[in-house]
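Listed here are the chains, written in short residue letters.
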Amino acid sequence: MKGFISIVCRALINTESLSGVETIGNLSRHRTAPIVIPNGDGYTIRFVPVLSGESLAHYYQELLVEQAEKLGLPLSQRSRRLEFLKFSAEKLLEEENIAAAKNENEIRRVEVDILLKDYVCDVGGFLCPAGVPVKRTSCFQVGYAIPAIYEGEASALESQFHMRFSPSNMIKEKEKEEVYQQPYNVEVASALYTFTFTLNISKIGVPSTNFGVRDERKEKELASQRENRVKGALAALLNFYSSLAFGAKRSRFLPNIEVVSLVATYSTNYHFIASAGNSKNYISFTLERKNRFLETLKHLGFKYSDSDIEIYVFDKEGAAKDLKTCKSIEEVMSNIIKSIMEKAK
């Protein structure tokens, strides 16, 4: 199984408090960030509500844990508790009985040891500073969800007033009323958000260190798990987009989420990433870029087929125009997974 997946999504999310940044007095603030928006002949900067990429990544890694438990893949104690510390301290290596690298020749050995102990570190990467530092780049990438730039005006923040409940028998004196019944404000946001997610399935279950001592027995064990490791990452990706259940403060601020369009690419020999969803043109622009990309390879003398880069689209906002589209996000993912499995035969 090999290939590179990229997915760009545009989702209308109303009254959400998914990504808080701090508490000031009785106000819980929503995360904001500056983005550059075209303004006539120039550009302007606006501070807009955003959703942290770390929040999205945490949710995907939670889904990896679920899949690991179903498929019998290894998990460290910390990952089972959804504490994704990823061997960032020597103590964490000791918890899993892994010896730190003493020299550069042991870096590959430590990486393989960690991969055999924790599936999340395989897909999500890690940085181990103990001894000689060992790192593995994440097989998936996800950025902040930000308001679509060309619809940047369609985003807003507002504080919602609430009052903590106080039983009547506790309100007898003014002092107690002030203690037990207090107002608080939660800042909520609404916007047409867009974000990009990529997954390099070719690197899952494969050591990234290409030098040093190799333990053939352990590497053979890792290779035997590779098919399930890829399946787990794909199942987690399907669940991620089917639910979009990332973020905090969901128990009483569960947002209204509707995916209005999505484009997914699956490339077998190249790292082709779909265009950012800043405007409705992103789907047609992705298709145009694909055609120009393959055409340029032809000029260079490379052989290719149109299936080297596959594109699947879900559209409810008229962004795909005359393109053939899927009826649901699940159908998009089904087509990608089916293609991966067929090409792996």
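As the structure is a computational prediction, the values presented were derived from the model and not from experiment. The numbers attached to residues start from 1 for each chain and follow its sequence in the written order. In view of the model being predicted, local features appear only for residues whose pLDDT reaches at least 70, and side-chain atom pairs are presented and counted only at 80 or more, with totals across whole chains, interfaces and linings using the full set of residues. As a rule here, side-chain values come from all non-hydrogen atoms in the structure, and water together with hydrogens is ignored.

Enquirer: Sorry, what's going on with the overall build of the protein chain here?
Expert: Secondary structure follows DSSP: runs of H or I at least 4 residues long count as helices, runs of E at least 2 residues long count as strands, and numbering of each begins at the N terminus. Helices and strands together make up the secondary structure of the protein chain, namely 10 helices and 13 strands. Seen through its principal axes, the protein chain has C-alpha atoms that stretch 75 × 55 × 40 Å. When each of the 345 residues of the protein chain is scored for burial, the buried share is 46%. Whether two residues are in contact is decided by their heavy atoms: any pair within 4.5 Å suffices. Contacts in the protein chain between residues at least 24 apart in sequence constitute 72% of all its contacts with a sequence separation of at least 6. Accessible surface, the protein chain as shown: approximately 17,700 Å² in total, 50% of it carbon and sulfur. In this tally, Asp and Glu contribute negative charge and Lys and Arg positive charge; neither His nor the terminal groups of the chain are included. Working definition for charges: the position is that of NZ of Lys, CZ of Arg, CG of Asp or CD of Glu. Across the protein chain, 45 positive and 43 negative side-chain charges occur, with their mean positions spaced 4 Å apart. A simple rule labels every residue: compare its accessible area, found with a 1.4 Å probe on the protein chains alone, to the largest value its type can have, and call it buried under 20%, exposed over 50%, or partly exposed in between. Computed by Shrake-Rupley with a 1.4 Å probe, the accessible areas treat only the displayed protein chains as cover when residues are assessed.

Enquirer: Is there a simple way to explain the nonpolar core in this structure?
Expert: Generally speaking, nonpolar side chains in soluble globular proteins are found buried as a group. As used in this record, nonpolar core signifies buried Ala, Val, Leu, Ile, Met, Phe, Trp, Tyr and Cys residues forming a set joined through side-chain atoms within 4.5 Å. In this structure, Ile5, Tyr60, Leu199, Phe240, Tyr241 and Leu262 are the most contacted members of the largest nonpolar core, which totals 54 residues. The element that contributes the greatest number of residues to this core is helix 1 (residues 53-71), accounting for eight residues. The contacts of leucine 199, once residues within four sequence positions are left out, are Gly3, Phe4, Ile5, Tyr60, Val123, Cys139, Phe140, Ile204, Ala233, Leu234 and Leu237. Core analysis: the next-biggest nonpolar cluster, separate from the first, contains 18 residues, Leu92, Ala101, Ile107 and Leu116 among them.

Enquirer: Where do I start with the side chain of serine 261 in this structure?
Expert: Summarising the element assignment, serine 261 is placed in strand 12 (residues 256-267). Since its relative accessible area comes to 0%, serine 261 is described here as buried. What qualifies as a polar contact is a pair of N or O atoms within 3.5 Å, subject to a donor-acceptor requirement within protein and to the restriction that residues adjacent in sequence count only when both atoms come from side chains. Within the structure, serine 261 has its side chain in polar contact with the side chain of glutamate 317 (distance 2.7 Å).

Enquirer: Honestly, the pairing of strand 5 (residues 42-49) in this entry has me stumped. Any pointers?
Expert: Within a regular strand, the side chains alternate between the two sheet faces. Any two strands between which DSSP finds at least two bridges are classified as paired. Inspection of the sheet shows strand 4 (residues 32-39) paired to strand 5 by eight bridges, in the antiparallel sense. Bridging across to strand 5, isoleucine 37 finds its partner in threonine 44. With antiparallel pairing between neighbouring strands as the criterion, strand 4 and strand 5 make up a hairpin whose turn holds two residues, including glycine 40 at a positive phi of roughly 65°.

Enquirer: How do you make sense of the pairing of strand 1 (residues 4-16) when you look at a structure like this?
Expert: Counting buried positions over the 13 residues of strand 1 gives 10, a clear majority of the element. Both strand 1 and strand 12 contribute to a ladder of 11 bridges, which runs antiparallel. Looking at the pairing, serine 6 lines up with threonine 265 of strand 12.

Enquirer: Explain the packing of helix 1 against helix 8 (residues 226-243) to me, please; I cannot follow it from the model alone.
Expert: Helix packing geometry: the angle between the two helix axes and the distance between the axes. A fitted line through C-alpha atoms serves as each axis, taken over the contacting stretch for helices, and the angle formed by two N-to-C directions is quoted from 0 to 180°. Across the interface, helix 1 lies against helix 8 with an axial gap of 8 Å and an inter-helix angle of 130°. Viewed along their axes, helix 1 and helix 8 adopt a mutual orientation that is oblique. Helix-helix and strand crossings are classified by hand; for helix 1 and helix 8 the assignment is right-handed. Packed against helix 1, whose contacting residues are Leu56, Tyr59, Tyr60, Leu63, Leu64, Glu66, Gln67 and Leu71, the element helix 8 presents Asn228, Gly232, Ala233, Ala235, Ala236, Leu237, Asn239, Phe240 and Ser243 at the interface. Residues are sorted three ways: Asp, Glu, Lys and Arg are charged, Ala, Val, Leu, Ile, Met, Phe, Trp, Tyr, Cys and Pro are nonpolar, and all the rest, Gly among them, are polar. Of the residues assigned to the contact of helix 1 with helix 8, the class counts are 11 nonpolar, five polar and one charged. Any angle that falls under 35 degrees is termed roughly parallel, while one over 145 is termed roughly antiparallel, one within 65 to 115 roughly perpendicular, and all others oblique. The sense of a crossing depends on the near helix, which, turned anticlockwise from the far helix by less than a right angle, makes the crossing left-handed and, turned clockwise, makes it right-handed.

Enquirer: Just to check I follow, could you spell out the side chain of glutamine 67 for this structure?
Expert: When you line up the elements, glutamine 67 lands in helix 1. By relative accessible area, which is 10% here, glutamine 67 ends up buried. The residues contacting glutamine 67, other than those within four sequence positions of it, are Gly232, Ala235 and Ala236.

Enquirer: Would you mind going over a nonpolar patch on the surface with me for this structure?
Expert: To count toward a patch, a residue needs a relative accessible area over 30% and no salt bridge; like charges are then connected within 9 Å, while nonpolar side chains (Val, Leu, Ile, Met, Phe, Trp, Tyr) are connected within 5 Å. Just to be clear on terms, a salt bridge is a Lys or Arg side-chain nitrogen sitting within 4 Å of an Asp or Glu carboxyl oxygen. Together, Val36, Tyr43, Ile45 and Phe47 line one region of the surface with nonpolar side chains, adding up to about 500 Å² of accessible area. Sorting elements by how many residues they give to the nonpolar patch places strand 5 first, with three residues. Relative to the elements of secondary structure, tyrosine 43 occurs in strand 5.

Enquirer: Teacher, can you tell me more about empty space enclosed by the protein here?
Expert: Leftover empty space is mapped by rolling, across the atoms, a probe with the size of a water molecule. Any residue with an atom within 4 Å of a point lines the site, the site being either a cavity, points on a 1 Å grid over the protein atoms alone where a 1.4 Å probe fits but cannot get out, or a pocket, an open set with protein on both sides within 12 Å along at least 5 of 7 lines. Grid points are joined across faces, edges and corners, and a volume is the space filled by probe spheres set on the points. Within this structure, the stated rule accounts for one cavity of 30 Å³ or more. Looking at the lining of the largest cavity residue by residue, the classes come out as three nonpolar, one polar and five charged.

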